[in-house]
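The primary structure of each chain is shown beneath.
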Amino acid sequence: MSSQLRESKSEEQRAPSPAALPRLHSATATLLPGLALCAVATAIAMGVGRFLPTVSPLLIAIVLGAVLSNVVHLPERLRPGLQFSAKKLLRVGIALLGLQLMLSDILGLGWGVIVVVVSIVCLGIVGTMFAGKVLGLSWTQRLLIACGFSICGAAAVAAVDGVVDADEEEVITAVALVVIFGTLMIPAIPLLSRALGLSDTDAGLWAGGSIHEVAQVVAAGGAIGGAALGVAAVVKLARVLMLAPVMAVLSVRQRKLAGTDADVKRPPLVPLFVLAFLACVGLRSSGVLPSALLAEAKIVQTALLTAAMFALGAGVQIATIKKVGARPFVLAGISTVWVASIALVGVLLVG
């Protein structure tokens, strides 16, 4: 009898209480308008991407969100769903991005290229942080730009924000800078590669090592040629893999700063989405997942990141960008040249 009572109590604890159900329904209803807008934008961006395969849905979504938010006034009721997409959906998308990485492909680059990739990320972050300090920017603004430009663009910006909890204005600025400067790199790297007489393979290595977004790398690699596209994508995904150790280091730093103060929220030692990302990398590398499942997962991952990019783009206001002044733009220019220079030197040394 006592066993039955314990089981009954256990079932009651697992089931949501009647009082909690209205709150759950209310929270879901609050998210729906923004999520619905993101879903429509995602469908549009991915539809356009089918007709323009050289243009990534992620880039289309960011631009679409930025244009929409500056042309019309988005109602306040959309904000909860947009914020949910920009944070929660983005982290799930980043985790699923791990299914695109095979450790064998990265190891196949050779230790020389792997050292170059690690150098690009580490020196890129350190150099950008130093330049930003000279310019007088805040630590969080410098860090967002440094990681976004050195690792994987807007996804890295949002990942860093999840660890250090930066101001919304700083996040929006960093995302806008990634879009602007990364897009400028799409024609610049192919043109400069030809001017420098680089082979397609070396040009692909340079594109993968220097351009901010995965989608931007694919666009530039395709413009250079088929031989460049494959190596550019692998090098860029190797940079994406560096997101895990960088986020772990930042989490440790934030935990030390929080100390033992019970009133201060301490981030996890390693963020959950980073662990999920590494787990996906392990699953992809193991070869146990069927190709059909990987294809479906890639569609889901693209849709989630597209929705998140639209939500991030919807936060980009021209008035906000004007308000932050010229210094972030100067730092973005310096960081772009710095990261591209490190990548080029590395390519010339190991190519």
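Before any of the text, the structure's been laid out above.
The sections below set out a description of the structure shown in this document. Bear in mind that the values here come from a model prediction, so they are computed numbers and not experimental data.

Parameters and conventions
Residues numbered from 1 in each chain as written. Predicted model: local features only at pLDDT ≥ 70, side-chain atom pairs only at ≥ 80, totals over all residues. Heavy atoms only, no water. Buried < 20%, exposed > 50% of the residue type's maximum accessible area, 1.4 Å probe, protein only. Helix = DSSP H or I, 4+ residues; strand = E, 2+ residues; numbered from the N terminus. Expected span 1.5 Å × (residues − 1). Bend = angle between axes of the 7 residues up to and from the residue. Phe/Tyr/Trp six-rings, centres within 6.5 Å; stacked < 30°, edge-to-face > 60°. Lys NZ or Arg CZ within 6 Å of the ring centre and 35° of its normal. Contact = heavy atoms within 4.5 Å. Salt bridge = Lys/Arg side-chain N within 4 Å of Asp/Glu carboxyl O.

## Some details on helix α8 (residues 154–164)
Thought 1: Within α8, ten of the eleven residues are buried, leaving the element largely enclosed by the surrounding structure.
Thought 2: Among all positions in α8, only A154, A155, A156, V157, A158, A159, V160, D161, V163 and V164 are buried.
Thought 3: Positioned one or two residues after α8, D165 has a phi angle of 55°, which is positive.

## Concerning helix α9 (residues 168–196)
Thought 1: Relative to the 42 Å expected for 29 residues at 1.5 Å per residue, α9 spans 40 Å between its end C-alpha atoms, a close match to the ideal helical length.
Thought 2: If you look at α9, its biggest bend is around 35°, right at I186, and the proline P187 turns up within four residues after that.

## Regarding the packing of aromatic side chains
Thought 1: With the rule as written, the count across this model stands at one aromatic pair.
Thought 2: Over the ring of W139 we find R253; its NZ or CZ atom is 3.9 Å from the centre of that ring.

## Describing the environment of A156
Thought 1: Within the fold, A156 resides in helix α8.
Thought 2: Judged by relative accessible area, which is 0%, A156 ranks as buried.
Thought 3: Linking A156 and E213, residues 57 residues apart in sequence, is a C-alpha distance of 9.4 Å.
Thought 4: Contacts of A156, omitting those with residues within four sequence positions, involve C147, G148, I151 and L243.

## A word on the pattern of salt bridges
Thought 1: Under the criterion given, the structure shown has three salt bridges.
Thought 2: Across the salt bridge formed by E76 and R79, the nearest N and O atoms sit 3.0 Å from each other.
Thought 3: E76 gets classed as exposed once you look at its relative accessible area, which sits at 54%.
Thought 4: Take R79: its relative accessible area is 38%, and that puts it in the partly exposed class.

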